[in-house]
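Remarks on the overall topology
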Amino acid sequence: EDIWAIGYSEPGAGSDMFNTQTRAVRDGDHYVVNGQKIWTTIAHLSNWYFCLVRVPGMGESKYDGLTVLLMEMNAPGMEVKPIVQITGDSEFNEVFMTDARVPVANRLGAEGEGWKIISGALVNERNGIAGGMRQDETLQRLIAAAKRRGKGADPRTRQEIAELATACAISKYSGYRGMTDGLNGRLNPHLSAAMKLAGTSLAQRMSTAHLALLGAYGQLYENHGQATDARAVAMRWLGDRAQTIAGGTSEIQKNIVAERILGLPRS
């Protein structure tokens, strides 16, 4: 019934969401919101916006004032501009808010609780529980492509697929463990960073391997008699380039793992 978009990133606040500049100023029973978000997935199809803003005047800390508002995408003052990607699609968008009025009743949690809410949401986004299922499907496509290309008996191809199959199994069962730990209240939320780091890197390895199997046909951007899945593989390879950026860069995930799981000091 409703389609939601998530507004975290800004031109100056990507992985560093503490730098959020979008302002929500209280005006009676409403907030007046001004600012810009970027890389908002399916904003052009959505009717609701889960948006991180900053309410000014709540202190000097980087956490102070961060608040989540639930905004109607078609409200006055909301403007969506598509971003054309390398694939030619426009899945991502910029969202501009100019004096957009949001009822105070549409605030999620209290003022200043935005980082707490976003942190919980990011754990769910990064935990990769469903990633193992998708990777299994990708692995089966890779095996089928190897057989079609006459590489099923090639030792190097078999070794690479075996290594990827092992990584897929680790990813899937790590997801099961994460789900079980979550249901039993023993999940370390920072493990989601490790799962996100491993899962997105694996996705890139899988699509690169599939593209390499196609040989010269992997350079095509359309299907061919010798490579009927050429376009799908090319699109997947291009899309996977963004996965180690989306949802928090790999560098950020490494920092989280180092500091909050391994207990290493900041350099």
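Residues numbered from 1 in each chain as written. Predicted model: local features only at pLDDT ≥ 70, side-chain atom pairs only at ≥ 80, totals over all residues. Heavy atoms only, no water.

**A look at the side chain of Thr244**
Our working definition: A run of H or I in DSSP becomes a helix once it reaches four residues, and a run of E becomes a strand once it reaches two; helices and strands are each numbered from the N terminus. Contact criterion: two residues are considered in contact whenever any of their non-hydrogen atoms come within 4.5 Å of each other.
With respect to the secondary-structure elements, Thr244 resides in the loop between helix H5 (230–241) and helix H6 (250–261). Setting aside chain neighbours within four positions, we find Thr244 in contact with Lys196, Thr200, Ser201, Gln204, Thr249 and Ser250.

**Here's the deal with the nonpolar core**
Where we set the bar: Side-chain atoms within 4.5 Å link the members of a nonpolar core, which is a set of buried Ala, Val, Leu, Ile, Met, Phe, Trp, Tyr and Cys residues. When a residue's accessible area, from a 1.4 Å probe over protein chains only, is under 20% of the maximum for its type it is buried; when over 50% it is exposed; and in between it is partly exposed.
If you look at the biggest cluster of nonpolar residues, it comprises 19 residues, and the most contacted ones within it are Val33, Tyr49, Leu69, Met71, Met78 and Met97. When residues of this core are traced back to their parent elements, those giving at least two are strand S3 (30–37), strand S4 (48–54), strand S5 (66–72) and strand S7 (92–103). No other element matches S7, which puts four residues into this core. Core analysis: the second largest hydrophobic core is formed by twelve residues, Ile161, Leu202, Ala209 and Leu213 among them.

**Focus on the environment of Lys81**
Note that Lys81 resides in strand S6 (residues 78–83). In this structure, the C-alpha to C-alpha distance between Lys81 and Tyr8, residues 73 residues apart in sequence, is 16 Å.

**What to know about the environment of Lys172**
Position of Lys172 among the secondary structure elements: in helix H3 (residues 155–183). Residue Lys172 is classed as buried on the basis of its relative accessible area, which comes to 17%. Taking the C-alpha atoms as reference points, Lys172 and Lys81, 91 residues apart in sequence, are found 37 Å from one another. When neighbours within four sequence positions are excluded, Lys172 is seen to be in contact with Gly132, Met133 and Asp136.

**A few points about the pattern of salt bridges**
Let me state the cut-off plainly: Salt bridges are identified by distance alone: a Lys or Arg side-chain nitrogen within 4 Å of an Asp or Glu carboxyl oxygen.
Following the criterion strictly, the structure yields eight salt bridges and no others. Of the charged contacts in the structure, one is a salt bridge between Lys81 and Glu79, with a shortest N-O distance of 4.0 Å. Glu79 sits in the partly exposed class, given a relative accessible area of 39%. Ionic contacts of the salt-bridge type, sharing partners, join the residues Arg177, Asp181 and Arg186 into one network.

**Focus on the packing of helix H2 (residues 131–148) against helix H4 (residues 191–213)**
The line we're drawing: With axes taken as lines fitted to C-alpha atoms, and helix axes fitted only over the stretch in contact, angles between N-to-C directions fall between 0 and 180 degrees. We call two directions roughly parallel when the angle between them is under 35 degrees, roughly antiparallel when it is over 145, roughly perpendicular when it lies between 65 and 115, and oblique otherwise. Definitions for this section: a left-handed crossing has its near helix turned counterclockwise from the far helix by less than a right angle. A right-handed crossing has that turn clockwise. Note on residue categories: nonpolar means Ala, Val, Leu, Ile, Met, Phe, Trp, Tyr, Cys or Pro, charged means Asp, Glu, Lys or Arg, and polar means any other residue, Gly included.
Orientation of H2 relative to H4, taken along the N-to-C sense of each, is 15°, at an axis distance of 10 Å. Considering the angle they form, H2 stands roughly parallel to H4. Crossing of H2 against H4: the hand is left-handed. Residues Gln135, Thr138, Leu139, Arg141, Leu142, Ala145 and Ala146 of H2 lie in contact with H4, whose contacting residues are Gly199, Leu202, Met206, Ala209, His210 and Leu213. Residue composition of the contact of H2 with H4, by class: eight nonpolar, four polar and one charged.

In short, geometric facts, not functional conclusions.
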